[in-house]
Amino acid sequence: MTQIVKGIAESICLEYIDLRDNLFEEAGFVELVKAMKVTRACKVLKLQGLKINKNMCDILSSFFKHRECKIEEVSLHEAELDNEIFD
């Protein structure tokens, strides 16, 4: 995961990230979002089938609110969202 995150952070043209049906620990997900903040190139983010807890959702939300975020499309189809998110 470290090498993937490093590659994303160093990319200047990675517009499409497809992470469908992957298993991420929270720490890896946090590093991934940090890398996307650095590159600022991603426009499409596919997260289908991912298990997302409240903290991960908060981190992702913070990224989307970032003034330089260029995300135009997010797919959460069949993502497993923690019930805590909806409280």
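For the structure itself, look to the data block above.
Just so we're clear, the structure is a prediction, and the values are computed from it rather than from any experiment.

Criteria and thresholds
Residues numbered from 1 in each chain as written. Predicted model: local features only at pLDDT ≥ 70, side-chain atom pairs only at ≥ 80, totals over all residues. Heavy atoms only, no water. Axes fitted to C-alpha atoms, helices over the stretch in contact; angles between N-to-C directions. Helix = DSSP H or I, 4+ residues; strand = E, 2+ residues; numbered from the N terminus. Parallel < 35°, antiparallel > 145°, perpendicular 65-115°, else oblique. Contact = heavy atoms within 4.5 Å. Nonpolar A, V, L, I, M, F, W, Y, C, P; charged D, E, K, R; others polar. Core = buried A, V, L, I, M, F, W, Y, C linked by side-chain atoms within 4.5 Å. Buried < 20%, exposed > 50% of the residue type's maximum accessible area, 1.4 Å probe, protein only. Pairing = 2+ DSSP bridges. Salt bridge = Lys/Arg side-chain N within 4 Å of Asp/Glu carboxyl O.

Focus on the packing of helix H2 (residues 26–39) against helix H3 (residues 54–65)
Contact geometry of H2 with H3 gives a least axis separation of 10 Å together with a crossing angle of 0 degrees. Of the possible angle classes, the one that applies to H2 and H3 is roughly parallel. Counting all contacts with H2, which are made through Glu26, Phe29, Val30, Val33, Met36 and Lys37, the residues of H3 involved are Asn55, Met56, Ile59, Leu60, Ser62 and Phe63. Residues belonging to the contact of H2 with H3 are distributed by class as follows: eight nonpolar, two polar and two charged.

A word on the nonpolar core
With 23 residues, the main nonpolar core has Leu19, Met36 and Leu45 as its most contacted residues. Looking at this core, the elements with two or more residues in it are helix H1 (2–10), H2 and H3. Among the elements that make up this core, the one with the highest residue count is H2 (six residues). What Leu45 contacts, discounting residues up to four positions off in sequence, is Ile17, Leu19, Met36, Leu60, Phe64, Ile71, Glu73, Val74 and Ser75.

Looking at the side chain of Ser75
Here Ser75 is to be found in strand E4 (residues 73–75). Taking relative accessible area as the criterion, Ser75 reaches 12% and is therefore assigned buried.

Some words on unusual backbone geometry
Residue Asp21 is not a glycine yet carries a positive backbone phi of 55 degrees. Positioned with a positive phi, Glu78 is a non-glycine residue whose angle comes to about 60 degrees. Taking relative accessible area as the criterion, Glu78 reaches 62% and is therefore assigned exposed.

What about the side chain of Thr39?
Relative to the helices and strands, Thr39 resides in helix H2. Not counting chain neighbours up to four residues away, the residues in contact with Thr39 comprise Ile8, Ala9, Ser11 and Ile12.

Details of the sheet that holds strand E2 (residues 44–46)
In spatial order, the strands read E1-E2-E4; together these three strands make up an open sheet with parallel pairing. For this open sheet the edge positions go to strand E1 (16–18) and E4, each flanked by a neighbour on one side alone. Each strand axis lies, on average, 0 degrees off the axis of its neighbour in the sheet, ignoring direction. Pairing between E2 and E4: three bridges, direction parallel. Residue pairing across strands places Lys46 opposite Ser75, the latter belonging to E4.

Quick word on the pattern of salt bridges
The final tally for this structure, using the stated rule, is seven salt bridges. The closest approach of N and O atoms between Lys43 and Glu15, which form a salt bridge, is 3.9 Å. In this pair, Lys43 is assigned in the loop between H2 and E2 and Glu15 in the loop between H1 and E1, connecting sequence segments 28 residues apart. For Glu68, the salt bridge goes to Arg67, with nearest N and O atoms at 3.5 Å. According to the relative accessible area criterion, Glu68 is partly exposed, its value standing at 30%. Here Arg67 falls in the exposed class, since its relative accessible area comes to 76%. Connected via shared salt-bridge partners are Arg40, Arg67 and Glu68.

By themselves, these observations are geometric and do not establish any function.
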